[in-house]
Amino acid sequence: MLGTGIIKGLATTAKNFVGSFHDPERMTTVEYPEQQIPLGEHYRNFPFLVSETAEDPMGTLRCVACQICEKECPPQCIYIVKSKDKKPDATGKQQLYPVIFDIDTSVCMSCGICAEVCPFDSIKMDKVFEIATTNRYTGLLLDREQLAKSNAYYNEIRPAEAAEVDGRLAVAREAAEQKAKAAAAAKAAAAPATPSPASAPSASAPQPSPAAS
Amino acid sequence: MSAVVASESFLERAPLQLRDAVVAYFPEALQWLVHHLITITVILTVFGLFFAFTTIAERKLLGRLQNRLGPNRTGLPFFKNLRLFGLTQPFADAVKALTKEDIVPANADKLLHFLAPVVVVSFSLLGFAVLPYGRNLIPVELDAAVLYFFAAGAATELAIFMAGWASRNKYSLLAAMRALAQLISYELPLLLSVVPVIIVTSTLSTQDIVLAQGGWLFGFLPQWHVFTPWGLAGFLIFLVAALAETNRSPFDLPEAESELIAGHLTEYSGFKYALFFMAEYFGLTALCGLGITLFLGGWQAPFPFLEFIPSYLWFGMKLVAMIMFFIWLRGTLLRLRIDQLTRLAWQFMVPLALINLGNAGFWILTTDWSGPMQILRWGVSIALIVVPFFFIGRRLSLGRGPRTYSYATS
Amino acid sequence: MTLALILIACVMLGSAAVAVTLRNLIHSALLLVFTWASIGAFYLWAGAQFIAFAQILIYVGAVSMIVLFAMLLTRQGQGTELPIGSASIMRALSALLAGGGVAGVLIGAILGSPLDVATSAPAAISVKQLGEQLMGPHAAALLVVGIILTVALIGAVLLAAVDPKEQPEDIT
């Protein structure tokens, strides 16, 4: 009969009304700043730079200023200036490092392509979303000091992915050490013959991450 | 105001005595003016605050109906940790509306654009003048109060038209057209649903209509009009038509936000927008008040042993209950399409209201029936409602559902 | 009292005159509504409360809607301003003729009927008295009007009830 649907609907909303007072399971929202819904494993929002230690983030940045991310970034929000000198990277190899590494987060669209293309596992996607500032020019343009976060933090926000990256880097580091040892041994064997063992072949470079997708 | 009966309780007389005490401070020549100014101020204050708390109640209730919490944060300035369940939200909203920039489109009809919110608020307030809020509380006693009420409310849709047309915006204009179509369709059932009450009580005065619903059946049952077959049918028709008249969901077609942005409100901002909002709630409150007066016994208590509570509190409680019911409906029902809206009015409500008119006539003609004839009277009257409802309703929904959706199971 | 009458009359006639001369149709229509409302005010002045409220309810509330609705549905082109062409002179002449004819008939009727000039303000007639008059001596007229209106209403309902061949609902 006409009108029964309306009564059914009213009963449903009445149930919602009563239930919302005693059944927290029903609630579709939480009181945000105090309660937060845990973010998903693959939630991503704005990139950050991974450093090996929290104590000396600038000295242990994994980034080697290769500028692939800068070229790949669709909205062009990354700006990198290479260093003139070199210092050892995560695997102990001598590499360049970024003197300036800026990301304009007002332009960034959090696509994650930078993290996907990085062959050194040095730029990863963050999970920070409370980024409101009072000045959109200085507040949203992040420099390398603001971007750098430790590997421990990376392990915290993305345990599975970080463990995989760490394992890969450990293998690479060991390979490099083995190589260095072998080179040192060869050098000791034929001391005057080869002058420079340091120019290691590309085998010691870390593999491009297959897990980034 | 009607004469104060000495036997009534102190609380019943308190508002009048307070007013008279204040009036007595003024010189003789000014007393009539002060008398009316006090009445106007009280109405504006009470219903202004009622409006404010209706908005927060609506938001909180709608939240609960949808398994949310609703606004609960706004506290007081300087007391950061005092939340008061968010009850100060309407005042924050008012400050926001007042401080917002008032934007008038370059192509708008400036005069009408300005006049529309003024007209809508002033006319929506007029209806409050004739509602009996309590045994002795009625601002203006008019012979033709019910007629006055509808005459006062008539111009609000005109204001919506003015707003929609003056904005020079296609959404606004569509809203104006819809508002007109809606008014033409629903003014008729609204008036037709009220006529039985006037026939039965044979008066147009709101206070007399309330008094006619006094007394107790068997000593304890209220004799409100809603407890008669024709009254119940009239009340339901009145409810639906009132929803449509005040542009409330599910009849909020003029400002259907998913289709028309905000309809006639699209080009309004700041305080003018707030005025429209206010007028909508004033209109709703006034129509609820009229519905209470006509069908729900006005300020009468529902049971004899509850009569110690002052009459104006009963009116207030009924008003709150009615508004809550409207909010409940808003949280439940979906918006109709314009063709469904007019079809409902002309194919369903108008015929039923006409039949109900005949039903009220039958009810009057059979007032002297008693004993078993009384049962027959009720039976015939109920049949006069239920049978047409069943058949017209079946015809209305013929071939229109229940729908089956290929992508969803029931 | 007389001052109030003069004021009401000025507002009424003034708004009517402006409504006729305005080029903007919607403004004219809204001013016409205002004129109707001021006629209601005149009835109130004359002590005819019931007629006044009925006037406002019917004219401001309902007839105005029909006028505006018709205007919105029939308005052609973009502009709301009416053009003044050669045809409008003929129109003006015929309007003058029609208006003059109506005015002549009305004035003739007013002059021809005996008028009681009230020296004192008549007592306001209550709705009850009005109802008794309508139901008593004028019951026949009331019945005829009532039947005509009811027939019109039922006709409207019947027109609305007969659906043209329905398209099947688009959602399946």
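Residues numbered from 1 in each chain as written. Chains lettered and ligands numbered in written order. Predicted model: local features only at pLDDT ≥ 70, side-chain atom pairs only at ≥ 80, totals over all residues.

K.L.:
Honestly, the overall build of chain A in this entry has me stumped. Any pointers?
P.N.:
For chain A, the helix and strand inventory stands at six helices and eight strands. Helices (α) and strands (β) of chain A occur, in sequence order from the N terminus, as α-β-α-β-β-β-β-α-β-β-α-β-α-α. Counting the 213 residues in chain A, one finds 22% classified as buried. Across chain A, every contact between residues at least 6 apart in sequence was considered, and the portion connecting residues at least 24 apart equals 72%. (Helix = DSSP H or I, 4+ residues; strand = E, 2+ residues; numbered from the N terminus. Buried ≥ 20, exposed ≤ 12 C-beta atoms within 10 Å, placed from the backbone. Contact = placed C-beta atoms within 7 Å.)

K.L.:
Mind showing me how you'd approach the nonpolar core here?
P.N.:
Judged by nonpolar contacts, the single largest core of 121 residues is most densely connected at B:Val120, B:Leu147, B:Tyr148, B:Ala159 and B:Met162. With 14 residues, the single largest contributor to this core is helix α7 (residues 170-201) of chain B. In contact with B:Met162, other than residues within four places in its own chain, are B:Leu112, B:Leu115, B:Ala116, B:Val119 and C:Leu30. Judged by nonpolar contacts, the second largest core, of 26 residues, contains A:Ala65, A:Cys73, A:Ile78 and A:Leu142. (Core = buried A, V, L, I, M, F, W, Y, C linked by C-beta atoms within 7 Å.)

K.L.:
Explanation requested: the sheet that holds strand β2 (residues 78-82) of chain A in the structure shown.
P.N.:
Two orientations exist for strands paired in a sheet by backbone hydrogen bonds: parallel and antiparallel. Residue and element names in this part refer to chain A. Reading across from one edge, β2-β5-β7 is the order of the three strands in this open sheet, with antiparallel pairing throughout. Every other strand in the sheet has two partners, leaving β2 and β7 (141-142) as the edge strands with one partner each. Bridge count for β2 against strand β5 (residues 98-104) is five bridges, and the pairing is antiparallel. Note that in β5 the partner of valine 81 across the bridge is isoleucine 100. (Pairing = 2+ DSSP bridges.)

K.L.:
I keep staring at the packing of helix α9 (residues 229-245) of chain B against helix α13 (residues 338-365) of chain B and nothing clicks. Help me out?
P.N.:
Helix packing for two helices is described by the angle between their axes and how far apart those axes are. Residues and elements named next belong to chain B. The contact between α9 and α13 brings their axes to 9 Å, and the two run at 150 degrees. Taken together, the axis directions place α9 and α13 in an arrangement best described as roughly antiparallel. Of the two elements, α9 crosses α13, and the hand of that crossing is left-handed. Residue-level contacts link Pro229, Trp230, Ala233, Gly234, Ile237, Val240 and Ala241 of α9 to Met349, Leu352, Ala353, Asn356, Asn359, Ala360 and Trp363 of α13. Of the residues that constitute the contact of α9 with α13, the class distribution is 11 nonpolar, three polar and no charged. (Axes fitted to C-alpha atoms, helices over the stretch in contact; angles between N-to-C directions. Parallel < 35°, antiparallel > 145°, perpendicular 65-115°, else oblique. Left-handed = near helix turned anticlockwise from the far one by under 90°. Nonpolar A, V, L, I, M, F, W, Y, C, P; charged D, E, K, R; others polar.)

K.L.:
Please explain helix α5 (residues 145-153) of chain B as it appears in this structure.
P.N.:
Residue pairs three or four apart in sequence face the same way in an α-helix, which turns once every 3.6 residues. Within α5(B), nine of the nine residues are buried, leaving the element largely enclosed by the surrounding structure. Taken as a whole, α5(B) has its buried residues at B:Ala145, B:Val146, B:Leu147, B:Tyr148, B:Phe149, B:Phe150, B:Ala151, B:Ala152 and B:Gly153.

K.L.:
Whenever I open this one, the packing of helix α2 (residues 31-65) of chain B against helix α12 (residues 311-332) of chain B confuses me. Can you help?
P.N.:
All names here are of chain B. In contact at an axis separation of 9 Å, α2 and α12 are set at 45 degrees when each is read in the N-to-C sense. The pairing of α2 with α12 is recorded here as oblique in orientation. In the packing of α2 onto α12, the handedness of the crossing is right-handed. Along its contact with α2, which presents Thr54, Glu58, Leu61, Leu62 and Leu65, the element α12 presents Ile323, Met324, Ile327, Trp328, Arg330 and Gly331. Considering only residue class, the contact of α2 with α12 consists of seven nonpolar, two polar and two charged.

K.L.:
Help me understand the arrangement of the chains in this model?
P.N.:
With two pairs of chains in contact overall, the contact-richest pair is chains B and C. The closest approach of any C-alpha atom in chain A to one in chain C is 17 Å; the two make no contact.

K.L.:
Whenever I open this one, the confidence of the model for chain B confuses me. Can you help?
P.N.:
As a note on interpretation, predicted positions should not be read in detail where pLDDT is low. Residue and element names in this part refer to chain B. For chain B, per-residue confidence averages 83 on the pLDDT scale, and residues scoring 70 or more make up 97% of the total. Predicted confidence for residues 1-7 stays below pLDDT 50, and this span has eight contacts to residues more than four positions away or in other chains. Prediction confidence for the complex, expressed as pTM and ipTM, is 0.78 and 0.78 respectively. (pLDDT = per-residue confidence, 0-100.)

K.L.:
I'm lost on the interface of chain B and chain C in this one. Help?
P.N.:
How big an interface is tends to be reported as the loss of accessible area on association of its parts. Contacts between the two partners involve 28 residues from chain B and, on the opposite side, 26 residues from chain C. Elements supplying a minimum of two residues to the side of chain B that touches chain C: α5, α6 (155-166), α7 and α13 of chain B. Residue contributions to the side of chain B that touches chain C peak at six residues, all from α6(B). Across the side of chain B that touches chain C, the residue classes break down as 21 nonpolar, two polar and five charged.

K.L.:
When you look at the sheet that holds strand β6 (residues 123-125) of chain A in this model, what are you seeing that I'm missing?
P.N.:
Residue and element names in this part refer to chain A. If you trace the three strands from one edge of the open sheet to the other, you get β6-β1-β8, paired in mixed fashion. Since the sheet does not close on itself, it has two edges, and those belong to β6 and β8 (148-150), each with one partner. Looking at each pair of strands side by side, their axes are set apart by 50 degrees on average, direction ignored. The pairing of strand β1 (residues 47-51) with β8 spans three bridges and is classified as parallel. Counterpart to leucine 49 in the pairing with β8 is alanine 148.

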